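A closer look at the structure
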Amino acid sequence: MEKKPIYKKWWFWLGIIVVIGLIGNMGDKEAKPNATASEVAAQPKAESESTEQTAAEKEKAEADKKAAEEQKAKDEAAAVELAKKEAEANSVPREHKAALKSAQTYAEIMHMSKKGIYEQLTSEYGEKFDKEAAQYAIDNIQVDWKENALKSAQNYAESMNMSDSGIYDQLTSEYGEKFTKEEAQYAIDNLK
């Protein structure tokens, strides 16, 4: 009886396959023992998703940190501006403050123009404020001049029954209200 060489025996090849399988599993340190091929293939994908998630978390954290720094800078700038205004308010002469209050009254009650208020404040027949106090008032008054022009136009339309052209002329006249042409046009365009 002739002996078959060992490599021709079925159990030899079975043993080789088992050994290769064991070596493969030992080489894959992160693979679970007895892991299936699909589980081993899924591991790199899971690692990739974990890396992407970590990167996204880092980006969000950096964006949040940047937003917080920007808000802090805005808050600090606002605090500096407020302190500056408070310091200016404390250093403003009494006459300048009085001119500002008077200007506010003319704007709110009589709906006067910027130029009209300035002239009223400095007029020898009006308030007699010096030019610096009047200019301070004009620079610091909070008024929507277009709305003042509209309110003045409504007064002319209702009490004097004037035409749009007549109202426009009265609003822009040097002898009338002294609004700018843009303010007067706004008033005419929005007059009802």
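The model shown is predicted, which means the values in this text are computed figures rather than measured ones. (Residues numbered from 1 in each chain as written. Predicted model: local features only at pLDDT ≥ 70, side-chain atom pairs only at ≥ 80, totals over all residues. Heavy atoms only, no water.)

Along helix α5 (residues 131-140), the positions that sit buried rather than exposed are Ala133, Ala134, Ala137 and Ile138. Here the buried residues of α5 occupy an arc of 135 degrees about the axis, which is enough to place them on one side. Turned more than 90 degrees off the buried face of α5, the exposed positions are Lys131, Glu132 and Asp139. Buried positions along α5 lie against α3 (94-109) and α4 (114-122). A side-chain oxygen of the first residue of α5 lies 3.2 Å from the backbone nitrogen of Glu132; this N-cap is Asp130. (Buried < 20%, exposed > 50% of the residue type's maximum accessible area, 1.4 Å probe, protein only. Helix = DSSP H or I, 4+ residues; strand = E, 2+ residues; numbered from the N terminus. Arc of directions from axis to C-beta. Contact = heavy atoms within 4.5 Å. Polar contact = N/O pair within 3.5 Å; in protein donor to acceptor, adjacent residues only side chain to side chain.)

Here we come to the nonpolar core. Counting residues in hydrophobic clusters, the biggest one holds 14 residues, and the most contacted among them are Ala103, Ile117 and Leu121. Contributing elements (two or more residues each) for this core: α3, α4 and α5. The residues touching Ile117, leaving out its near neighbours within four places in the chain, are Ala103, Tyr106, Ala107, Met112, Ile138 and Trp145. Core analysis: the next-biggest nonpolar cluster, separate from the first, contains 11 residues, Tyr156, Ile167, Phe179 and Ala184 among them. (Core = buried A, V, L, I, M, F, W, Y, C linked by side-chain atoms within 4.5 Å.)

Between two packed helices, what matters for the description is the angle formed by their axes and the separation of those axes. The geometry of helix α6 (residues 145-160) relative to helix α8 (residues 181-190) is characterised by a closest axis approach of 8 Å and an angle of 55 degrees between their N-to-C directions. Considered as vectors, α6 and α8 are oriented oblique to each other. For the pair α6 and α8, the crossing hand works out as right-handed. Contacts between α6 and α8 involve Trp145, Lys146, Glu147, Ala149, Leu150 and Ala153 on the former and, on the latter, Glu182, Glu183, Ala184, Tyr186, Ala187 and Asn190. When the residues that make up the contact of α6 with α8 are grouped by side-chain class, the tally is 7 nonpolar, 1 polar and 4 charged. (Axes fitted to C-alpha atoms, helices over the stretch in contact; angles between N-to-C directions. Parallel < 35°, antiparallel > 145°, perpendicular 65-115°, else oblique. Left-handed = near helix turned anticlockwise from the far one by under 90°. Nonpolar A, V, L, I, M, F, W, Y, C, P; charged D, E, K, R; others polar.)

A few words now on the environment of Ile167. Residue placement: Ile167 occurs in helix α7 (residues 164-172). Judged by its relative accessible area of 0%, Ile167 is buried. Sequence separation of Ile167 and Asn155 is 12 residues, and the distance between their C-alpha atoms is 9.6 Å. Apart from residues lying up to four places away in sequence, Ile167 is in contact with Ala153, Tyr156, Ala157, Met162, Ile188 and Leu191.

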